[in-house]
Amino acid sequence: MSKIATLFALALLWALPAAAQTQAPSVHPGTKISFAPTVGTAKFENSMHFTAVSGLRGAGDTYTYSVGKMQITIDVFDAGRRVGAGSTNPTVSNQFDTEANASEQQIRQAGYTRFERPTVPSTCTYGAVSFRCIVYSAQSGATRLYSKMLLTGYNGYFVKIAIIWSLADSNSQNDADQALNSFIPALMH
């Protein structure tokens, strides 16, 4: 993954103190999702468990995978409440708006410009799982980076998946969707 894309990915991670971070379990205890060394065509890079910190986002786990020069991050969290299944319930809809706004704010604070996103999310289905989804992009110098963010309720938790790519790395939205079509059904079966 390019240096710029890595910085973009870091801007998307939760902003919690380092003391609150440890390695996440390879099998998430609540969702029972197994984060294997290889999922579909993606290779595991790292994971972090975040403990709840007063005034900040609650406890959760972040897992990072790579597919070529694209990066996939998976956040599993409950935001302090039980989450209904699927992408259409009001809890997921509200959290999706929160996540999209937080991503935009973090990207802008990291110095990216020309942030663009549609005003209305769509529904994306990978395998048997439906997500609220949106594609957004931001500029850093001459490089435009893209991310597709997905959110659903799964076994009482939010599962947020984001894939990041750059046209400069010869990747497209079609490449990102192919990676997600391989990754998500293998992860959430």
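The structure we're discussing is the one just above.
Criteria and thresholds
- Residues numbered from 1 in each chain as written.
- Predicted model: local features only at pLDDT ≥ 70, side-chain atom pairs only at ≥ 80, totals over all residues.
- Heavy atoms only, no water.
- Core = buried A, V, L, I, M, F, W, Y, C linked by side-chain atoms within 4.5 Å.
- Buried < 20%, exposed > 50% of the residue type's maximum accessible area, 1.4 Å probe, protein only.
- Helix = DSSP H or I, 4+ residues; strand = E, 2+ residues; numbered from the N terminus.
- Contact = heavy atoms within 4.5 Å.
- Polar contact = N/O pair within 3.5 Å; in protein donor to acceptor, adjacent residues only side chain to side chain.

Observations concerning the nonpolar core
Formed by 30 residues in total, the largest nonpolar core has its most connected members in Ile74, Ile161 and Met188. Mapped by element, the contributors of at least two residues to this core are strand E4 (60-67), strand E5 (70-77), strand E7 (122-126), strand E8 (129-140), strand E9 (143-154), strand E10 (157-166) and helix H3 (173-187). Contact partners of isoleucine 161, with chain neighbours within four places excluded, come to Ile72, Thr73, Ile74, Phe131, Lys148, Met149, Leu150, Leu180, Ile184 and Met188. Formed by 15 residues, the second largest nonpolar core is a distinct cluster that contains Phe115, Tyr136, Leu145 and Phe158.

Digging into the environment of tyrosine 63
Position of tyrosine 63 relative to the elements: it lies in strand E4. For tyrosine 63, a relative accessible area of 0% gives the class buried. Each C-alpha atom, one on tyrosine 63 and one on methionine 48, is 6.6 Å from the other, the two residues being 15 residues apart in sequence. When near neighbours in sequence (up to four residues on either side) are disregarded, tyrosine 63 contacts Ala24, Pro25, His28, Phe35, Phe44, Asn46, Ser47, Ile72, Thr73 and Ile74. Within polar-contact distance, the side chain of tyrosine 63 engages the backbone oxygen of proline 25 at 2.7 Å.

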